[in-house]
Amino acid sequence: MDVVRLDAVSKVYGKGQGAVAALREVSVGIPRGSFTAVMGPSGSGKSTFLHCAAGLDVPSSGSVRLGGTKLSGMGEDELTELRRKRVGFVFQAFNLVPALDVVENVTLPLRLAGARVDRGRLEEILRRVGLEGRAGHRPAQLSGGQQQRVAIARALVTRPEVVFGDEPTGALDTMTARDVLRLLREVVQSMGQSVVMVTHDPLAAAYADTVLFLADGRIVDAMTGPTPEKVAERMTRLGAWT
Ligand SMILES: Nc1ncnc2c1ncn2[C@@H]1O[C@H](COP(=O)(O)OP(=O)(O)OP(=O)(O)O)[C@@H](O)[C@H]1O
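Residues numbered from 1 in each chain as written. Predicted model: local features only at pLDDT ≥ 70, side-chain atom pairs only at ≥ 80, totals over all residues.

A. Region of interest: the nonpolar core. Membership of the largest hydrophobic core comes to 66 residues, with the highest contact counts inside it found for Val 38, Ala 53, Ala 153, Leu 184 and Val 196. At seven residues, helix 6 (residues 174-191) tops the list of elements feeding residues into this core. (Core = buried A, V, L, I, M, F, W, Y, C linked by C-beta atoms within 7 Å. Buried ≥ 20, exposed ≤ 12 C-beta atoms within 10 Å, placed from the backbone. Helix = DSSP H or I, 4+ residues; strand = E, 2+ residues; numbered from the N terminus.)

So, in structure tokens, the structure goes:
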């Protein structure tokens with residue numbers, strides 16, 4: 001079963017002469033419980049793909065389904081509700097609230113949704129992301145890697161159908177990035193979580209089950225069992241680093 005399904009999704013920014021086709025008839029299914037990386041040269045449509053798949057942006061044509069629910073035709077309120085309850089997000093810049101401690105940051109999506117905070121679940125998530133002893137810390141008292149772990153815990157707390165990552169390791173050094181990628185891999189393996197991550201980094205993409213390659217708004221390849229070398233080689237052929 002696909003957790004996310006795009007059918008003939010196109011996205012055009014602007015009008016007339018200045019119009020840019022960021023996605024061109026993209027059709028793809030993301031299997032539930034899988035870790036998917038999205039790669040491609042700069043400007044190939046990765047962010048647009050992620051935003052359309054996550055209900056952050058509305059395609060110009062085509063349809064997006066999230067766990068069987070069709071997003072097209074939903075109003076802004078419905079989309080906000082869907083994003084809040086059924087989707088988790090992890091960004092490059094962590095996006096934590098500086099004045100809130102770890103527990104308050106992690107439980108914020110639940111409180112925004114008016115849902116109860118399950119203490120057992122919260123402790124389980126903090127343990128999984130390795131933040132047991134940090135519950136009362138503010139973001140400024142944490143390292144970059146720890147802050148991203150808070151963001152991952154926050155993304156998981158609502159038990160979303162899918163977690164979307166936009167360059168989640170982009171601001172981290174190599175070692176810290178590796179720990180965060182291992183954590184994402186583990187939440188896929190042990191919690192059955194579905195994760196879709198945009199990245200520029202072949203090392204990061206190699207943690208995924210499948211890598212989708214975008215070029216000029218189209219999915220031009222899908223690689224299962226990626227290695228950093230195979231991903232880098234494919235990116236070179238797409239002219240990503242010329
Ligand atoms: N809001 C916008 N208005 C106009 N054009 C846009 C807008 N957002 C994106 N584009 C254009 O759409 C195309 C795809 O952009 P997108 O950001 O999805 O690519 P990307 O692969 O994520 O790029 P990068 O790796 O550089 O972040 C680009 O040509 C970009 O200039």
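B. Representation of the sheet that holds strand 9 (residues 210-215) within the structure. The strand order across the open sheet built from six strands is 6-7-8-3-9-10, with neighbouring strands paired in mixed fashion. Both outer strands of the open sheet, strand 6 (87-91) and strand 10 (218-224), are each paired with one neighbouring strand and no more. Going across the sheet, the axis of each strand differs from the next one's by a mean of 20°, ignoring polarity. The pairing of strand 6 with strand 7 (residues 162-166) spans five bridges and is classified as parallel. By the bridge assignment, Val 87 is partnered in strand 7 with Val 162. The sheet strands contacting helix 1 (residues 46-53) are strand 3 (35-39), strand 7, strand 8 (194-198) and strand 9, and the helix crosses strand 8 at an angle near 150°. Contacts from helix 8 (residues 228-237) reach strand 3, strand 9 and strand 10, with the element oriented near 160° to strand 10. (Pairing = 2+ DSSP bridges. Axes fitted to C-alpha atoms, helices over the stretch in contact; angles between N-to-C directions. Contact = placed C-beta atoms within 7 Å.)

C. Structural context of the site of the ligand. The full set of residues close to the ligand is Tyr 13, Gly 14, Val 20, Ala 22, Gly 40, Ser 42, Gly 43, Ser 44, Gly 45, Lys 46, Ser 47 and Thr 48. Counting residues per element, the ones that place at least two in the shell around the ligand are strand 2 (20-31) and helix 1. Top element by residues in the shell around the ligand is helix 1. It accounts for three residues. Residue classes in the shell around the ligand are distributed as three nonpolar, eight polar and one charged. (Near = placed C-beta within 6 Å. Nonpolar A, V, L, I, M, F, W, Y, C, P; charged D, E, K, R; others polar.)

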